[in-house]
Every structure is written in C-alpha cells, then in structure tokens.
Amino acid sequence: DIDEGLFRPSPDDVHVVLELSAAGRWVAEYYPCESVSDLADGRLRVVLRTPDTGWVRRLALRLGEDGRVISPPGLALDVRDMATAALANYVV
C-alpha cells in the first residue's frame, strides 16, 4: 500500500531549507516538502526532510543558480565547496 507515498519521514531526518528561483520551483512540485513559502520575484523557500543529504547535494549542483541551500549551514558550505571545485575544472 503506497497511498501515503513512498517517503516516510522520520524524527531523525535532517530539515533542509532551500531557496529556489522561479525556474527552480519545480522542486516544490516534485519532492515532498514540509513547507513552501513565496518570496519576492517568483522565488520560493521550501523546507524538506531527508535521511540522507547526499541527494540534496546533487540536487543543489543540478539546480545551479536556480537553487541555494540555506540550512543546515554545514550542508550549505559543502554544496558551495563542491560547486567551487566543479567550476575549477572548467577554468582555463
């Protein structure tokens, strides 16, 4: 029975806050979010839960300028460092 969806939140999940541009709003429609708040210029702030932040890192890199990890701070720093390292591969 998957009437309630495949994702089962746990009290141990990490709460992740993302800010999304208008082009990144699809994230709020695709992933289960605890809350979704409208910001200026068509942007969104979403809060989601995850037992594994690895996929959030990949999502953030995929979003590029259309998404930003706000919280937790350590995850935001990890994503920034990963993006910086990835961009360094393209610098000539």
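This text goes with the structure placed above it.
All of the points below concern the structure found in this document. Residue positions are given per chain, counted from 1 along the sequence in the order it is written. For this predicted model, a pLDDT threshold of at least 70 governs which residues receive local features, and a threshold of 80 or more governs which side-chain atom pairs are given and counted, while totals over whole chains, interfaces and linings are taken from all residues. Here the side-chain values reflect all heavy atoms present in the structure, with hydrogen atoms and water set aside.

We now examine the pattern of salt bridges. Salt bridges are defined by distance alone: a side-chain nitrogen of Lys or Arg within 4 Å of a carboxyl oxygen of Asp or Glu. Tallied over the full model, the rule gives eight salt bridges. Across the pair R25 and D38 runs a salt bridge whose closest N-O atoms are separated by 3.7 Å. Taken together, the residues R25 in the loop between β1 (14-20) and α1 (26-30) and D38 in strand β2 (residues 35-38) connect sequence positions 13 residues apart. The classification of residues rests on relative accessible area computed with a 1.4 Å probe and restricted to protein chains. Under 20% of the type maximum is buried, over 50% is exposed, and intermediate values are partly exposed. Looking at R25, the relative accessible area reads 30%, which means it is partly exposed. Residue D38 is classed as exposed on the basis of its relative accessible area, which comes to 62%. Across the pair R80 and D81 runs a salt bridge whose closest N-O atoms are separated by 3.7 Å. For D81, a relative accessible area of 40% gives the class partly exposed. Each of E19, R43, R45 and R68 takes part in a single network of salt bridges with overlapping partners. Per the convention used, a helix needs a DSSP run of H or I reaching at least four residues, while a strand needs a run of E reaching at least two, with both numbered from the N terminus.

In this section: unusual backbone geometry. A cis amide bond, omega 0 degrees, links S71 with the succeeding residue P72. Within the chain, D41 stands out as a residue other than glycine whose phi angle is a positive 60 degrees. Its place among the elements puts D41 in the loop between β2 and β3 (44-50). You can call D41 exposed: its relative accessible area is 72%.

Treat this as a map of the structure, not an account of what it does.
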